[in-house]
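Structural description and commentary
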Amino acid sequence: MSEHQIRLTTRDGQSLNFACADGEDLISAAARADIHLPALCKGGGCGACHATCTGGDFHLGETSRDALSDDARQHGGVLLCRTYADSDLEITTPYDHGHISFRPIPQRTGTVAGLEHIGGQTVRLVVQLDDDPELGTGAEFDPGQFVELTVPESGLTRAYSLANTANWSGTLVFLIRLHPTGQFSRWLKDTANVGSRLQVRGPQGAFVLQDNGTRPRAFVAGGTGIAPMLAMLTRMAEFGEGNRCRLVFGVTRASDLFALDMIDTLRADLPALSVDIRLWESDGSQSAGTPVDGLQHWLTEALNSDIYLCGPPAMIEAGERAARDAGVPATRIFSERFLPT
Ligand SMILES: Cc1cc2nc3c(=O)[nH]c(=O)nc-3n(C[C@H](O)[C@H](O)[C@H](O)COP(=O)(O)OP(=O)(O)OC[C@H]3O[C@@H](n4cnc5c(N)ncnc54)[C@H](O)[C@@H]3O)c2cc1C
Ligand code: FES
């Protein structure tokens, strides 16, 4: 069996090398070398392992079009969990070296400390982590990251973004949309209570706030895609960052709105923040249109922004296209797709 050499260059210009056997996907090959790259479903369905191949020959296994669009594929985009090397390869990642882990992802346990409906089909779930003999009491993560939550009785596991920031008390806050036929949704609706136990695997993911000097930032969210944006904006407020920033938050109709109190708190704490709420089916109470309409409007004022997009895949693709068409370089566009996990 032949082996190929893979050279991975991270967004901040650092290099890593590992070997990949014929027929082995790149995520597994890297893990064999104790290099744990961001990944989630490992089946071509979630997009968490997205990267770009800049040199060499490879073939791709089956991938979902939501996770890897035709457009991304044409620009060298790959999903590393479905990429098989046919020669030595050069890969560039959309994340920095600091978001590669060289040890297994932490596993912890916790208890539901709060569960409330906050508007539309959305619940706010608060989980209190147990003390961990190695990791201590606190919750350490970068704003924008997610964890996997597992219901111990059934093994049901789903990924959810953290809506708060790292803290010493070990508190995790999530904003979760209840899907009518969803299994985790049903557990939250029918079974979960304050005191229910959960397993927590993370933090994971490389969709995080990037240091960008004083450049403006646009945060564009569809539905509960606002969760990681709230974490990033809270971090900006905690650090007193003065970058101009816009939050564009879109839902279908006014009755779907939620988290407006959290947005108001951020407005007060972060004077450089402006907010644009968009309703697809407008009743006149907010601006009409999609979050991408809001992004296009902002780009006429602040073209040199970093763009953060989170929510359904169709919104993200449209947002990426709008930003690219306006001339924003691909290196300043960051996204997280909320695909079924
Ligand atoms: C990195 C990451 C972070 C995420 N963070 C969040 C978050 O912060 N908040 C949040 O609400 N969700 C988030 N999700 C989505 C979440 O992981 C689940 O997919 C979602 O909660 C549905 O789980 P379920 O078990 O209720 O539905 P499932 O039983 O998995 O699905 C049942 C049916 O519901 C519908 N459905 C499920 N998920 C979606 C979806 N995302 N969009 C449209 N239809 C869907 C489909 O018709 C599906 O067939 C995230 C996903 C990823 C990959
Ligand atoms: S981990 Fe590769 S697409 Fe999900």
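Residues numbered from 1 in each chain as written. Chains lettered and ligands numbered in written order. Predicted model: local features only at pLDDT ≥ 70, side-chain atom pairs only at ≥ 80, totals over all residues.

**Things to note about the overall build of the protein**
Across its full length, the protein carries seven helices and 19 strands. Against the globule reference of 20 Å for 341 residues, the protein gives a C-alpha radius of gyration of 20 Å, in line with a compact fold. With the principal axes as the frame, the protein shows a C-alpha extent of 60 × 50 × 40 Å. Across the 341 residues in the protein, those meeting the buried criterion constitute 41%. Long-range contacts, defined here as pairs at least 24 residues apart, represent 70% of the contacts in the protein between residues at least 6 apart. (Helix = DSSP H or I, 4+ residues; strand = E, 2+ residues; numbered from the N terminus. Rg over C-alpha atoms; globule rule 2.2 N^0.38 Å. Buried ≥ 20, exposed ≤ 12 C-beta atoms within 10 Å, placed from the backbone. Contact = placed C-beta atoms within 7 Å.)

**Let's talk about the sheet that holds strand 14 (residues 217-222)**
Pairing within the open sheet is parallel, and its six strands lie in the order 17-16-15-14-18-19. Of all the strands in the sheet, the pair left with one neighbour each is strand 17 (287-288) and strand 19 (333-337). In the sheet, strand 14 pairs with strand 15 (residues 245-251) via six bridges, with the strands oriented parallel. When the bridges of strand 15 are listed, F219 appears paired with L247. Helix 4 (residues 226-238) contacts strand 14, strand 15, strand 16 (273-279), strand 18 (306-311) and strand 19 of the sheet and is inclined by roughly 150° relative to strand 14. On the sheet, helix 6 (residues 291-299) packs against strand 14, strand 15 and strand 16 and is oriented at approximately 160° with respect to strand 15. (Pairing = 2+ DSSP bridges. Axes fitted to C-alpha atoms, helices over the stretch in contact; angles between N-to-C directions.)

**So, the domain arrangement of the protein**
Annotation of the protein at the domain level lists domain 1 (3-99), domain 2 (107-204) and domain 3 (217-337). Once you take the C-alpha centre of each, domain 2 and domain 3 turn out to be 24 Å apart. The interface of domain 2 with domain 3 comprises 15 residues on the first partner and 17 residues on the second. Sorting the residues of the side of domain 2 that touches domain 3 by element identifies strand 8 (107-119) and strand 12 (171-177) as the ones contributing at least two each. (Domains from an automatic or database assignment.)

**Concerning helix 7 (residues 313-326)**
Think of an α-helix as 3.6 residues a turn; residues three or four steps apart then line up on the same face. In a regular helix each residue adds 1.5 Å, so 14 residues correspond to 20 Å; helix 7 covers 20 Å between its end C-alpha atoms and thus fits that length. Turning to helix 7, its buried residues are M315, I316, E317, A318, G319, E320 and A323. Looking at the buried positions of helix 7, the neighbouring elements they touch are strand 14, helix 6, strand 18 and strand 19. (Expected span 1.5 Å × (residues − 1).)

**Some details on the nonpolar core**
F174, F219, M229, L233 and Y308 are the most contacted members of the largest nonpolar core, which totals 67 residues. No other element matches the eight residues that helix 4 contributes to this core. Among the domains, domain 2 (107-204) and domain 3 (217-337) are the pair contributing at least three residues each to this core. Apart from the residues within four sequence positions on either side, F219 is in contact with M229, M232, L233, C245, L247 and Y308. Within the second largest apolar cluster, 23 residues are counted, among which are A29, L37, A39 and L68. (Core = buried A, V, L, I, M, F, W, Y, C linked by C-beta atoms within 7 Å.)

**Brief notes about the environment of Q5**
Mapped onto the secondary structure, Q5 falls in strand 1 (residues 3-9). When the 14 C-beta atoms within 10 Å are taken as the criterion, Q5 is described as partly exposed. For the pair Q5 and D71, spaced 66 residues apart in sequence, the C-alpha separation works out to 27 Å. Once residues lying within four places of it in the same chain are set aside, the contact partners of Q5 are N17, A19 and D88.

**Considerations on the sheet that holds strand 5 (residues 77-79)**
Spatially, 2-1-7-3-5 is the arrangement adopted by the five strands of the open sheet, whose pairing is mixed. Taken across any chain shown, the strands that pair with only one partner, and hence form the sheet edges, are strand 2 (15-21) and strand 5. Direction aside, neighbouring strands of the sheet carry axes that sit 35° apart on average. Of the strand pairs in this sheet, strand 1 and strand 7 (residues 89-92) are connected by four bridges, and their pairing is parallel. Within the sheet, the bridge partner assigned to R7 lies in strand 7 and is E90.

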